[in-house]
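These are the residues of each chain, in order.
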Amino acid sequence: MAEFPSTDRRQFLRYGIGGIAIASTSHVVLARDGITVGTEPEELANDLTTEVDVVVVGGGTAGTVAAIQAGRAGARTLLLERSGQLGGMTTVGGVCYPGLFDAWGKQIIAGIGWELVRESVELDGGTLPDFAKVPARHWQNQVTVNQFVYSILAEEKCVDAGVEIAYHEFIQGAKATPAGWELNCAGFGTNRLVRCKQIIDCTGGAEVVGLLGFERMREDETQPGSYLFQLGGNHEVGRKQLHQIYVHGADSTNSRTVTEAKLAGRKLVLKKLRDAKGQKRLMHLQPEPGFRESYRIVGETMITVNDYTSGRKFDDAVCNAFYPVDLHTKHGVKPKPLKPGTVPTIPLSALIPKGSRNIIVAGRSLSSDRLANSGLRVQAPCMAMGQAAACAAALAAKDGTTPGEVPLERLHALLQEHGAIIPDKA
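Residues numbered from 1 in each chain as written. Predicted model: local features only at pLDDT ≥ 70, side-chain atom pairs only at ≥ 80, totals over all residues. Heavy atoms only, no water.

**Details of helix H1 (residues 61-72)**
We count it as follows: Elements are defined by DSSP. Helices are runs of H or I of four residues or more, strands are runs of E of two residues or more, and each kind is numbered from the N terminus. Expected helix span is computed as 1.5 Å times (number of residues minus one). Here's how the labels work: a residue is buried when its accessible area is under 20% of the maximum for its type, exposed when over 50%, partly exposed in between, all with a 1.4 Å probe on protein chains only. The contact rule is simple, with two residues in contact once any of their heavy atoms fall within 4.5 Å.
With 12 residues, H1 extends 17 Å between its outermost C-alpha atoms, agreeing within 8% with the 16 Å of an ideal straight helix rising 1.5 Å per residue. The buried fraction of H1 is high, at 11 of 12 residues. When we look at burial in H1, the residues that qualify are Thr61, Ala62, Gly63, Thr64, Val65, Ala66, Ala67, Ile68, Gln69, Ala70 and Gly71. Next to the buried residues of H1 lie strand E6 (54-57), strand E7 (77-81), helix H2 (111-123), helix H3 (147-160), strand E14 (198-201) and helix H8 (379-399). At the exit of H1 stands Gly74, carrying a positive phi of roughly 95°.

In structure tokens:
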């Protein structure tokens with residue numbers, strides 16, 4: 001044990017595996033208990049080769065669920081995540097109130113994403129909304145989760161499913177092979193050659209799709225990003241509801257544009273702190289801004305806003321979606337609710353880049369027009385897409401085919417086996 005004197009105006013509460021360190025106004029006690037990491041000598045080599053069935057690129061909202069599903073379906077799965085934790089906008093971006101899993105008095109999205117959300121809430125001692133009640137405002141049925149619990153629970157579920165997680169790694173190059181793909185990946189101190197049968201692009205901006213030369217689209221102007229933070233009183237302990245500021249022009253296309261968005265957002269937070277003139281403290285600041293819009297694929301099917309708002313039942317629908325048309329602009333946002341009883345669906349063909357084989361996307365980069373995407377991009381539909389894409393990829397890898405050629409009946413059966421809700425037929 002070690003003791004450190006505290007300062008008068010600081011109070012801390014820290015939790016750790018194997019020990020707790022609690023500070024009162026008199027002292028801080030740091031527990032030294034820990035856990036040992038067993039690193040084999042070959043794991044320290046700079047160059048390595050990995051052979052798997054499925055590679056999931058991006059461990060965000062869709063990618064985490066995709067990796068867990070692929071692993072549970074029996075596919076050897078590698079998850080590449082360029083940050084240091086899972087969850088994406090739910091965790092790193094701080095949008096820790098995912099939705100919507102329900103519509104018009106019943107649950108319409110379940111499966112692995114809902115399992116993660118439900119268990120995160122239960123583990124944190126929270127409460128779940130009653131989906132039998134139709135709320136006055138859509139956001140009232142978004143589920144508040146502890147972002148830190150969600151992240152480590154997602155990690156545990158990946159490991160339990162046999163998924164290999166590669167943090168701080170990303171794809172630098174790729175080429176098609178008769179068996180699928182060869183990917184050149186890199187991280188600090190790591191060069192990895194990956195041979196795989198299927199790729200699931202969950203980067204949010206269809207980065208792998210673009211790298212491979214398939215067509216993408218985006219508007220010249222994108223929706224503003226949001227930076228979440230909390231200013232509190234000098235003696236407040238803990239974090240209340242987060243506030244957000246818009247970062248106009250926020251662009252997640254590459255490391256340079258992401259850096260610009262971070263610098264701009266943090267600069268404004270610092271200005272607000274200085275304007276408070278010592279009356280407020282910075283209690284919380286998310287490490288990443290939340291990006292709403294980036295590149296989308298040109299898919300075998302494109303979902304239009306009319307498809308979305310009419311609740312079109314696609315013949316190859318694999319999951320539901322539900323959220324208002326929710327386009328943010330420089331002047332704010334005015335959600336346009338869907339008409340009573342409307343439940344949009346997402347077809348498998350909207351997840352497949354046009355003319356491609358052995359690659360599928362999940363998340364906000366699906367093939368859709370801008371207004372449709374403003375409702376499809378939220379977390380619950382992205383989780384459902386991730387699970388559907390992973391089932392298609394796992395079955396394709398097993399059968400030696402491509403996701404678009406997987407029989408829909410088998411895909412639906414595998415989804416239902418893992419708790420997903422299949423869309424109603426027209």
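Alright, that's what it looks like, and here's the rest.
**Section: the side chain of Arg292**
Put simply, the test is: By the counting scheme adopted, Arg and Lys are positive, Glu and Asp are negative, and His together with the chain ends is not counted. Each reported salt bridge corresponds to a side-chain nitrogen of Lys or Arg within 4 Å of a carboxyl oxygen of Asp or Glu. Think of a polar contact as two N or O atoms within 3.5 Å of one another; within protein, one of them needs to be a possible hydrogen donor and the other a possible acceptor, and neighboring residues in sequence only count if both atoms come from side chains.
With respect to the helices and strands, the residue Arg292 is situated in the loop between strand E18 (281-285) and strand E19 (296-297). Of the buried charged residues, Arg292 lacks a salt bridge, with Asp326 as the closest side chain of opposite charge at 5.5 Å. At 2.7 Å, the side chain of Arg292 forms a polar contact with the backbone oxygen of Pro224. Among the polar contacts made by the side chain of Arg292, one reaches the side chain of His328 at a distance of 3.4 Å. Excluding residues within four positions of it along the chain, Arg292 makes contact with Gln223, Pro224, Gly225, Ser226, Gln244, Tyr246, His328, Arg364 and Arg377.

**Here we look at the sheet that holds strand E11 (residues 170-177)**
The test is simple: For two strands to pair, DSSP has to find at least two bridges joining them. Between the N-to-C directions of two axes lies an angle of 0 to 180 degrees, each axis being a line fitted to C-alpha atoms and, for a helix, fitted only over the stretch in contact.
With mixed pairing, the four strands of this open sheet are ordered in space as E5-E13-E12-E11. Across the chains shown, the open sheet's two edge strands, defined by having one partner strand only, are strand E5 (47-51) and E11. Averaged over all pairs of adjacent strands, the angle between strand axes in this sheet comes to 15°, irrespective of strand direction.

**Side note on H2**
Across its 13 residues, H2 extends 18 Å between first and last C-alpha, which sits within 8% of the 18 Å expected from 1.5 Å per residue. Listing the buried residues of H2 in full gives Gly111, Ile112, Gly113, Trp114, Glu115, Leu116, Val117, Ser120 and Val121. Directly after H2, the chain includes Gly125, whose backbone phi takes a positive value near 75°.

**Let's talk about the pattern of salt bridges**
By the definition in use, this model includes 22 salt bridges. Of the charged contacts, one joins Asp326 and Arg377 as a salt bridge, the two residues approaching to 2.9 Å between their closest N and O atoms. One end of the pair, Asp326, is in the loop between strand E20 (317-320) and strand E21 (328-329); the other, Arg377, is in the loop between helix H7 (370-376) and H8, with 51 residues separating them in the sequence. For the residue pair Asp326 and Arg377, the accessibility class agrees, reading buried in each case.

**Here we look at the packing of aromatic side chains**
Note the threshold: Ring geometry is summarised as follows: Phe, Tyr and Trp rings, the Trp one being its six-membered ring, pair when their centres sit within 6.5 Å, and such pairs are stacked at plane angles under 30 degrees, edge-to-face over 60 and tilted between the two. Geometrically, a lysine NZ or arginine CZ counts as sitting over a ring once it is within 6 Å of the ring centre and also within 35 degrees of the ring normal.
Taken as a whole and assessed by the stated rule, the structure comprises three aromatic pairs. The interplanar angle of 55° and the centroid separation of 5.0 Å between the aromatic rings of Phe101 and Trp114 together place this pair among those described as tilted. With Phe101 in the loop between E7 and strand E8 (102-103) and Trp114 in helix H2, the pair connects residues that are 13 residues apart, well separated along the chain. Put simply, the rings of Phe101, Trp114 and Phe131 touch in pairs and so form one group of aromatic residues. For the cation-ring pair, Arg216 lies above Tyr295, with the distance from its terminal atom to the ring centre recorded as 3.9 Å. Sitting over the face of the ring of Tyr295, Arg218 holds its NZ or CZ atom 5.3 Å from the ring centroid.

**Some remarks on empty space enclosed by the protein**
In plain terms, the rule: Lining residues are those with an atom within 4 Å of a point, where the points come from a 1 Å grid over the protein atoms alone and group into cavities, where a 1.4 Å probe fits but cannot get out, or pockets, open sets with protein on both sides within 12 Å along at least five of seven lines. Grid points are joined across faces, edges and corners, and a volume is the space filled by probe spheres set on the points. In this classification, Asp, Glu, Lys and Arg are treated as charged, Ala, Val, Leu, Ile, Met, Phe, Trp, Tyr, Cys and Pro as nonpolar, and every other residue, Gly included, as polar.
One pass over the full model with this rule turns up one cavity of 30 Å³ or more. Volume-wise, the largest cavity comes out at about 80 Å³. Secondary structure elements with two or more residues in the lining of the largest cavity: E20 and H8. For the lining of the largest cavity, the per-class residue count stands at 10 nonpolar, two polar and no charged.

**Some details on the packing of H8 against helix H9 (residues 408-417)**
To keep things clear, this is the line we draw: Orientation categories follow fixed angle ranges, with anything under 35 degrees roughly parallel, anything over 145 roughly antiparallel, 65 to 115 roughly perpendicular, and all other angles oblique. Definitions for this section: a left-handed crossing has its near helix turned counterclockwise from the far helix by less than a right angle. A right-handed crossing has that turn clockwise.
Two elements in contact, H8 and H9, have axes whose closest approach is 10 Å; the angle formed by their N-to-C orientations is 120°. The angle between the axes of H8 and H9 places the two elements in the oblique class. In this structure, H8 meets H9 at a crossing whose hand is right-handed. Across the interface between the two elements, Gln387, Ala388, Cys391, Ala392, Leu395 and Asp399 from H8 touch Arg410, Leu411, Leu414 and Leu415 from H9. Taken together, the residues that form the contact of H8 with H9 break down as seven nonpolar, one polar and two charged.

**Points about the environment of Glu260**
With respect to the helices and strands, the residue Glu260 is situated in helix H5 (residues 255-275). Given a relative accessible area of 55%, Glu260 falls into the exposed group. As a C-alpha pair, Glu260 and Ala250 span 10 residues in sequence and 7.7 Å in three-dimensional space.

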